[in-house]
Amino acid sequence: MITRPAADGPHISMSPMSHQPDSTSFLADFRLQAHNTFGFDVRARLACRVEHEAQLLAAVRDPRAAGLRRLVLGGGSNVVLTGDFDGLVLLVALRGRRLAREDDEAWYVEAAAGENWHEFVAWTLAQGMPGLENLALIPGTVGAAPIQNIGAYGLEMCERFASLRAVELATGEARELDAAACRFGYRDSFFKREGRDRFVITSVTFRLPKAWVPRASYADIARELAAEGHGDTSPDAQAIFDAVVAVRRAKLPDPAQLGNAGSFFKNPVIDAVQFDALQQREPEVVSYRQPDGAVKLAAGWLIDRCGWKGRAMGAAAVHERQALVLVNRGGANGAEVLALARAIQHDVRERFGVELEAEPVCL
Ligand code: EPU
């Protein structure tokens, strides 16, 4: 299962930046506000824009970066920056996307890590290669998608994943990792655990089956499709894409307008015994039975039930339409968002005996 060294050479032929830079340009005291979707106004000691794989190694081996902590930022959509970062930020700006190969069963589409996720999804549909439509409008980049195995409306990224290319910073070697090596779980992967801070993902290849089957049973999506006149007919991929976009726009804040990192907490999973006791006390609890008998709870419902929806602590607040999303109403800092998160965790623990785990990486 584990990794094998990836082939050398310019990887993504459509990359507009195919030259090898001869020197590393560092940006000192770099402002990160535009590089994290919460919009926290913090700074990095050094930053380096990575438009070519070779720049990665040059940057981490540069004497000016010796001994510094490193942080890889794509869209900054899954990180809480609680203060200035006293280290080197690698701004992944690798671009390019292409049909890498195809066989009778599937298309294999590769995209560089710095590509915007939503634009990539829209592009695959425009090329006549459906399969990612349920994941439309998720903020962030292609390279961030495997790290937390993004998922929405009945589909997880790992179901469309073929492999990825990553550079191991310690050795400088490019490796290809398959799904088993990535150890995907619910909003989880190898890169959030053992692989954390060790690899930089440079491109991801998706396997899109040619025998496309719609995933349209998630309640919000089914309702939206019915409202758009698809109640009786089977929707095509574009209709699902449109429905997902409409549902997300209605419920989830656009980070460009209101800083946020999507769901702030994972939906917690509890065992059947704890669930039965909870359900006795809270018959309306929203839950999803897992294949192994455990039960996943809707954290948004738990938080909502505790009265947190729409409430604020300073400039950090719980979104009015989805209690799982914490927002920066303007001028909040990471510490304020974490204080709000802790207050929510406390109330959910007191009332339901359930622990909420943060989904973004907190630094
Ligand atoms: N709910 C409430 N109040 C709320 C929010 C939700 O009662 O304030 C209830 C809803 O009525 C529904 C249930 O909770 O019955 C689930 O809500 P929803 O369908 O909005 O989904 P979710 O479980 O809250 C998850 C993902 C989202 C993803 C949606 C749709 C996680 C942590 N979150 O949210 O992912 O878009 O399902 O698939 O798994 C993200 O990870 O950043 C993210 C936005």
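Residues numbered from 1 in each chain as written. Predicted model: local features only at pLDDT ≥ 70, side-chain atom pairs only at ≥ 80, totals over all residues. Heavy atoms only, no water.

**What to know about the layout of surface pockets**
Thinking step 1. Quantified by volume, the second largest pocket comes out at close to 630 Å³.
Thinking step 2. In terms of lining residues, the second largest pocket is bounded by 29 residues, among which Leu137, Pro139, Asp254, Pro255 and Ala256 are the most central.
Thinking step 3. Contributions of two or more residues to the lining of the second largest pocket are made by helix H2 (117–126), helix H5 (237–251) and strand S14 (259–263).
Thinking step 4. Partitioned by chemical class, the residues of the lining of the second largest pocket number eight nonpolar, 14 polar and seven charged. (1 Å grid on protein atoms, 1.4 Å probe; cavity = no way out; pocket = protein on both sides within 12 Å on 5 of 7 lines; lining within 4 Å. Points joined across faces, edges and corners; volume = space filled by probe spheres on them. Helix = DSSP H or I, 4+ residues; strand = E, 2+ residues; numbered from the N terminus. Nonpolar A, V, L, I, M, F, W, Y, C, P; charged D, E, K, R; others polar.)

**Some words on the sheet that holds strand S16 (residues 287–289)**
Strands pair in a sheet through their backbones, by hydrogen bonds, and they do so in one of two ways: parallel or antiparallel.
Thinking step 1. Spatial ordering of the open sheet is given by S15-S17-S16, a layout of three strands whose pairing is antiparallel. Because the sheet does not close on itself, it has two edges, and the strands there are strand S15 (269–270) and S16.
Thinking step 2. Sheet analysis places S15 next to strand S17 (residues 295–297), joined by two bridges and oriented antiparallel. Note that in S17 the partner of Val269 across the bridge is Lys296. (Pairing = 2+ DSSP bridges.)

**Regarding the environment of Gln33**
Thinking step 1. Residue placement: Gln33 occurs in the loop between strand S2 (27–31) and strand S3 (43–50).
Thinking step 2. Accessibility expressed as a relative area gives 33% for Gln33, which makes it partly exposed.
Thinking step 3. Taking the C-alpha atoms as reference points, Gln33 and Met313, 280 residues apart in sequence, are found 21 Å from one another.
Thinking step 4. Ignoring sequence-local partners within four residues, the contact set of Gln33 consists of Gly39, Phe40, Asp41 and Val42.
Thinking step 5. Side chain to side chain, Gln33 and Arg31 meet in a polar contact 2.9 Å long. (Buried < 20%, exposed > 50% of the residue type's maximum accessible area, 1.4 Å probe, protein only. Contact = heavy atoms within 4.5 Å. Polar contact = N/O pair within 3.5 Å; in protein donor to acceptor, adjacent residues only side chain to side chain.)

**So, the UniProt feature "active site" (unreviewed entry) in the protein chain**
Thinking step 1. Under the local residue numbering, the UniProt record ascribes the feature "active site" (unreviewed entry) to Arg187, Ser263 and Glu359. For the annotated residues, spread through 173 residues, the largest C-alpha to C-alpha distance comes to 10.5 Å, consistent with a single compact locus.
Thinking step 2. Using a relative accessible area of 22% as the deciding quantity, one classes Ser263 as partly exposed.
Thinking step 3. The contacts of Ser263, once residues within four sequence positions are left out, are Leu324, Val325, Glu359 and Pro360.
Thinking step 4. Leave out the neighbours within four places in its chain, and Glu359 touches Asn78, Gln148, Arg187, Lys192, Ser263, Phe264, Phe265 and Lys266.
Thinking step 5. Of the polar contacts made by the side chain of Glu359, one reaches the side chain of Arg187; its length is 3.4 Å. (UniProt positions renumbered as here; feature names shortened; annotations may be inferred.)

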